[in-house]
Amino acid sequence: MTNQHFKKLFLGVFMLISSLGMAQELLKGRVIDDATEEAIPGVNISVIGTSFKATTDANGYFIVTGAIPVGDQKILVSFNSYYSKTIPVVIDLTNIVNIDPLYLQLDNSDITQSQGIISLTENELAEDENAANNFSGLLQSSKDQFLRAAAFDFSATFFRPRGLNSEDGKVLINGIEMNKQFSGRPQWSNWGGVNDLQRNQTFTMGLTAADQSFGGYAGVQNIDMRASQQRAGSQISYASSNRSYRGRFMVSHRSGLLNNGWSYAINASRRAGDEGYIDGTLYDANSLGLSVEKKINDAHSINFTGLYTPNRRGRQTAVTQEIRDLKGTKYNPFWGLQNNVQRNSRIREIEEPIFMLNHYWTINDKVKLNTNVGYQFGKIGNTRIDNGGTRLVETDGQSSYIGGARNPNPDYYQNLPSYFLRNGQDAIDFQYAYEAQQAFINDGQLNWDALYEGNRIVRENGGNSIYVIQEDRIDDKQLSVNSILTADLTDNILFNGGVRYRRLNSENYAQINDLLGGTGFLDVDFFAEETSDINLDQAAQSNVRTPNRIVGVGDRYKYNYDINAEVVAAFAQTQFKTKNVDFFVAGNVSRTTYQRDGKFENGNYLGNLSFGESEELDFTDYGVKGGMTYKISGQKFITANAAFITQAPTIRNSFSNARQNNETVVGLESQKSYSGDISYVYTTPIVKARLTGYYTQFTNGTDLGFYFTEDLTGLPLDDGSAFVQEVLTNVERRNAGIELGLEVQVTPTIKLKGAAAVGQNVYTNNPDLYLTSDDFDGQLTFGDGTTSLKDYHVAGGPETALQVGFEYRDPEYWNVGVTANYFANGYADISNLRRSANFRLDYDGQEFNDFDDEVANELLKQEQFDNYMLWNIIGGKSWRIDDKYVGFFATINNVFDQEYKTGGFEQSRNSNFRSVQEDQNNPQEVFAPRYFFGNGTTYYLNVYLRF
């Protein structure tokens, strides 16, 4: 070959390579903040209607590679906390489209609104005493209009999208799962108050594909606190509210990626208030978050994140309608004045630091590996008054326990007018009822002086405290390790997979928090009773190995045990993209083990029934899911998803009475479920709409309850009373309904929006029910051992929620919005025991001779709450001063002070036909249902300086 031919060949190859390179890089640019003109990393760039996409690097640059179709295209630019932007471009094979700079405007309303979400998700109504636990925080990062309505406007009612709970979704921080193994729920306060480090969030809705976890029915939220991904800058803010806390001061600084490869971000805040909207609910929280990252080279980065967010909160409780009528919806019986200062007897204190080390490895342009190690430790404490204090008396070799004290809670049923009117209408009954009414109206709060005075009297007579403050403690130590692999197998095939391991050691015990002026407390059960096998001196002992022990502040008593748990899991997922159809398949497998290790030998459960290790519970579970998106056009899509999942029971539902013994739930199995949804999605620059239908069926569910009841049939006790553990197994339930989210950009500044959810959440079978108690041997069942729950509604927020509203966003950086929200079909939680055969049986096990099916059906009818409407107003304004932003954001919820019930439950103290009928025939039901009431008019105001 001549030199001339060689030169021609070389030139031809060079031109071909150059043209191919040009074809592969037809679109690039740089995204910056329109105010600070700083680069924004992590911005998502996609060519609408195609599979081509890119993400900006640490310096804000992006390159969309691949053979993008020639001609007119639209690119979507989106990032958390910024307004999304759609830009038309013309793709030409001969020229690279270079959009530099591409400005994005910060959506301050999104930031400040989401900062207020954590105060909702930490609300007391999210605790175990109410089934309608809230998970609005899970939805805050979603851009879907329906889910935004659920997070911001529906959350005050504890509405649950698709009837799901927070344990049905997964919350990740830096790829590490944060859901608690005890309950399956995320503990939001573990990262509350460091909101400025949480701006980078991704939310994967429902069963759709998630890159870092197999997920759950309620989706996956990943909070990325990686230092290099934080937008550079500083912010100082102050928030005022009358919801949970009264004031919050927050400061943060984020360096961005520095020239030496280091980056860091720090966020500190203080949230406090003597009481929130509900009386006596103090709030005392400090938060510190730190993230530091070192970029070693182009392939490796290591990030450290530490979170320390100790917080104390005064708790509240549900009240009967009688109490509400006397004291209003803000009433809280847990507090009283001590030395003219409010003191709440029920304090919830959480102090669980979290440390994470994350390694990011870019193996090549197509493959990335993220490995994470997390360690969490600390305490969760809940205080309450223990009024079981006694002294030991020995006479002629026989032991007895003298003392105990009356229930000091002001809402105790014997303090209320209904108690004095329950048996008759004599003049003396009316007099006592009137006196109780006036005393409750004029005071009705906890009498701390009386508690100290009672202890003083017995102390001076050589006795122990009869009242103390008990703290129920959970001290957890948890190690989490996982690795997540992401691989672009081809331009159209993406693989995600990962393995994870969690090991938990959980110490559970009660300790003395305050002797209330006394000198000690006798660690025995004053209510213990002898059985044929156990004498009173044994039965009364919390720990027979240290009998009749006097305990002081900080000493463990009553119960003391460990729970050891391990989870090993792996998931794999492949996503396929084609011209008309995108689809994915995913699988998950896990092995879960639990074991109780008793540290006390309980007097009612001697030997290894309570002391030492229980049997090891072992569950192997799996899940499969898949979905597809059919692209009718660039604006119309149909999506469908389906899944079958088995899930190990939580620790909470695995041991029938972990505080006293090693017994596990009889017939315990993994819950099985299957689900499907189908959506029609329409999206244009003017209209965005989604209509979804869904169906989910759960089987083999388990639930536990603890309460005092009377009228149990078949017991040797005269009144059939006992403190019981109620175990419900083989629970089947169905959630079905439709969702609608709609946005219409009427003008560049005015947006109309709407959302709707219409669903039904019901039990679909009659689960198995049995009771356990230290007052009787074995398990107590009734009739065929089931409870008739079929077709009753599963309680937990309204099943119907509708919204209409508008937003106005002015080009001069101010905005205002109004929403009207309508709620219906909320139900009270029913008593399972009342729906069992025990309801129709007398003490001798025979059916009541006056039992009437028609009357019984009326007594057992599930209560449906009244419908209601809530109006909310949002607004804000920001000013740009040189390179700084000053602004505020405010919300007013429930503008017209509408009273409404967010939840409630029947009490199970009366459990048979006669006792329930007699009580409901009283002038005022004594053991009436208890309700949670929503807040009246509340506000949230946040002012900030960003620089």
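This text gives an overview of the structure that appears in the document. Note on numbering: residues in each chain are counted from 1, in written sequence order. The model is predicted, so local features are restricted to residues of pLDDT at least 70 and side-chain atom pairs to those at 80 or more, both for listing and for counting; the totals for chains, interfaces and linings are taken over all residues. Think of the side-chain values as coming from all heavy atoms in the structure, minus any hydrogens and water.

1. Some details on the sheet that holds strand β4 (residues 61-65)
- Any two strands between which DSSP finds at least two bridges are classified as paired. We count a stretch as a helix when DSSP gives it H or I for four or more residues in a row; a strand needs E for two or more, and each element gets its number in order from the N terminus. Read across the open sheet, the three strands follow the order β4-β1-β7; overall the sheet is mixed. Of all strands in the sheet, those with a lone pairing partner are β4 and β7 (97-104), marking the two edges. When strand polarity is set aside, the average angle formed by the axes of neighbouring strands in this sheet is 25°.
- Across six bridges, strand β1 (residues 25-33) lies against β7 in parallel orientation. Bridging from a neighbouring strand, D33 pairs with L104 of β7. The angle between two axes is taken between their N-to-C directions and runs from 0 to 180 degrees, where each axis is a line fitted to C-alpha atoms and a helix contributes only its stretch in contact.

2. Some points on the pattern of salt bridges
- Between Lys or Arg on one side and Asp or Glu on the other, a salt bridge is scored when a side-chain nitrogen of the former is within 4 Å of a carboxyl oxygen of the latter. Applying the stated rule across the entire model yields 51 salt bridges.
- Where R840 meets D853, a salt bridge forms, and the shortest distance between an N and an O atom there is 3.6 Å. In this pair, R840 sits in the loop between β41 (814-824) and α10 (853-859) while D853 sits in helix α10, placing the two residues 13 residues apart along the sequence.
- Only protein chains enter the area calculation, which uses a 1.4 Å probe; residues under 20% of their type maximum are buried, those over 50% are exposed, and those in between are partly exposed. Using a relative accessible area of 30% as the deciding quantity, one classes R840 as partly exposed.
- What you see here is one network of salt bridges that share partners, running through D144, R162, D677, R690 and E739.

3. Thoughts on unusual backbone geometry
- With an omega of 5°, the peptide bond between D100 and P101 qualifies as cis.
- Among the structural elements, P101 can be located in strand β7.
- In the Ramachandran plot, N174 falls in the positive-phi region, its phi being about 50° despite a non-glycine side chain.
- Along the chain, the position of N174 falls in the loop between β8 (170-173) and β9 (176-177).
- Notably, N548 is not glycine yet its phi reads approximately 50°, a positive angle.
- Within the secondary structure, N548 sits in the loop between α9 (536-539) and β29 (550-551).

4. Description of the environment of V804
- Structurally, the position occupied by V804 is in strand β40 (residues 800-810).
- Here V804 falls in the exposed class, since its relative accessible area comes to 56%.
- Residue contacts are defined here by distance: any two heavy atoms, one from each residue, within 4.5 Å place the two residues in contact. Other than its neighbours up to four places away in sequence, V804 contacts K753, G754, V818, T819 and A820.

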